[in-house]
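Structural description and commentary
This is what each chain is made of:
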Amino acid sequence: MRPTSLWRYEVRRAGWAAVLGPPLAVALGVAAALAFPEPSDTTRARILLGGLEMAVPLAAAVACATLIGQDPAREVQLSAFTPYRITLLRRMTVVLAWTASVALLTAAVLILTGWWERWPQNHGALAGQLTWLAPTLALSGLGFAAGAVLRSPAAAGAIVTTVWAVQQFFGDAVQAHQPGRLLYLFATTRGVVPGDWTANRLTLLGTGAALIALALVLLGRPERLISEEDE
């Protein structure tokens, strides 16, 4: 199979949720900013950046959580020349690359229109891209690892949305202690200690990378990918 055909196939296997999720997340953030009753420019900018920090990572993570366990005839996949975990990593790369493209385009528009600078804790145009990149990698790594452990797209997706919701609705409690602040997904728009931002972003990046590595180790054991129904 030619490289271009291979990547087109992986895009199809990733599913429509992976393709439509990030743009819809951005659209949701814009709609929320427009619908907010008489907000200040600072509040509207916070909502727009919040869409990048909250909605976009969730869309990517749910897509990554559903990558494992969807292929029919997994025994055939496991007997193929290319290791199945490489195939899944390739699909995750498709999801994250598309998400990054959407997020970067959105950030560029916010920077060019001046909305990026209207949120005081924007951290600049370059380092500020960690606003979406760090939580996207951490939450997507969690979804991918949960899929590898549980072998259930539904269960892995539930774990991702539960972690997201807990941090969303109990943000103050999560940030009450240093470990919670380092793992808080929304430190740019809802962080209580701005000085922890850089450490928080680096911790999330490291956590995401570690979870992806864990998933690849687990996926190297073919017996974990065959359920009793497949036997």
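Above this text sits the structure in question.
Residues numbered from 1 in each chain as written. Predicted model: local features only at pLDDT ≥ 70, side-chain atom pairs only at ≥ 80, totals over all residues. Heavy atoms only, no water.

**A few points about the overall build of the protein chain**
Tallying secondary structure elements over the protein chain gives 11 helices and 0 strands in all. Along its sequence from the N terminus, the protein chain presents helices and strands in the succession α-α-α-α-α-α-α-α-α-α-α. By sequence separation, contacts in the protein chain at least 24 residues apart represent 69% of the contacts at least 6 residues apart. Of the roughly 11,300 Å² of accessible surface on the protein chain, 68% is carried by carbon and sulfur atoms. (Helix = DSSP H or I, 4+ residues; strand = E, 2+ residues; numbered from the N terminus. Contact = heavy atoms within 4.5 Å. Areas by Shrake-Rupley, 256 points an atom, 1.4 Å probe, with all protein chains shown as cover.)

**Focus: the packing of aromatic side chains**
One pass over the full model with this rule turns up 2 aromatic pairs. Aromatic side chains Trp 164 and Phe 186 sit 6.1 Å apart centroid to centroid with 75° between the ring planes, which places their arrangement in the edge-to-face category. Of this pair, Trp 164 sits in helix H7 (residues 153-169) while Phe 186 sits in the loop between helix H9 (178-182) and helix H10 (187-190); the two residues are 22 residues apart in sequence, bridging distant segments of the chain. The burial state of Trp 164 is the same as that of Phe 186; both residues are buried. Consider the rings of Tyr 184 and Phe 186, whose centres lie 5.5 Å apart with planes at 80°: the pair is edge-to-face. Relative accessible area serves as the criterion here: at 1%, Tyr 184 is assigned to the buried category. Phe 186 gets classed as buried once you look at its relative accessible area, which sits at 1%. Sitting above the plane of the Trp 115 ring, Arg 118 keeps its charged end 4.3 Å from the centroid. (Phe/Tyr/Trp six-rings, centres within 6.5 Å; stacked < 30°, edge-to-face > 60°. Buried < 20%, exposed > 50% of the residue type's maximum accessible area, 1.4 Å probe, protein only. Lys NZ or Arg CZ within 6 Å of the ring centre and 35° of its normal.)

**A short note on the side chain of Thr 188**
Mapped onto the elements, Thr 188 comes out in helix H10. Within polar-contact distance, the side chain of Thr 188 engages the side chain of Glu 53 at 2.8 Å. Within the structure, Thr 188 has its side chain in polar contact with the side chain of Trp 197 (distance 2.8 Å). Excluding its chain neighbours within four sequence positions, the residues that come into contact with Thr 188 are Glu 53, Trp 119, Gln 121, His 123, Thr 131, Trp 197 and Arg 201. (Polar contact = N/O pair within 3.5 Å; in protein donor to acceptor, adjacent residues only side chain to side chain.)

**Some details on helix H5 (residues 84-113)**
Counted at 1.5 Å a residue, the expected span for H5 with its 30 residues is 44 Å, and the 44 Å between its end C-alpha atoms agrees. Immediately downstream of H5, the backbone of Gly 114 shows phi near 90°, a positive value. (Expected span 1.5 Å × (residues − 1).)

**Quick word on the nonpolar core**
Judged by nonpolar contacts, the single largest core of 20 residues is most densely connected at Leu 52, Leu 110 and Trp 116. Contributions of two or more residues to this core are made by helix H2 (16-35), helix H3 (41-65) and H5. Among the elements that make up this core, the one with the highest residue count is H3 (8 residues). Ala 145, Ala 148, Ile 212 and Ala 215 belong to the second largest nonpolar core, which has 19 residues in total. (Core = buried A, V, L, I, M, F, W, Y, C linked by side-chain atoms within 4.5 Å.)

**A word on the pattern of salt bridges**
Tallied over the entire structure, the rule returns 3 salt bridges. Asp 41 serves as the salt-bridge partner of Arg 118, at 3.7 Å between the closest nitrogen and oxygen. In this pair, Arg 118 sits in the loop between H5 and helix H6 (130-150) while Asp 41 sits in helix H3, placing the two residues 77 residues apart along the sequence. Arg 118 gets classed as partly exposed once you look at its relative accessible area, which sits at 33%. Asp 196 is the partner of Arg 181 in a salt bridge, and the nearest nitrogen-oxygen pair spans 2.8 Å. Placement of Arg 181 in helix H9 and of Asp 196 in the loop between H10 and helix H11 (197-219) is noted, with a sequence separation of 15 residues between them. Comparing Arg 181 with Asp 196, the two get one shared label, buried. (Salt bridge = Lys/Arg side-chain N within 4 Å of Asp/Glu carboxyl O.)

**Here's the deal with the packing of H6 against H7**
Remark: H6 packs on H7, axes separated minimally by 8 Å, with the N-to-C direction vectors making an angle of 145°. For the crossing formed where H6 meets H7, the hand is right-handed. Listed contacts from H7 to Leu 139, Leu 142, Gly 143, Ala 146, Gly 147 and Leu 150 of H6 are Ala 155, Ala 156, Ile 159, Val 160, Val 163 and Trp 164. (Axes fitted to C-alpha atoms, helices over the stretch in contact; angles between N-to-C directions. Left-handed = near helix turned anticlockwise from the far one by under 90°.)

That is the geometry; function is a separate question.
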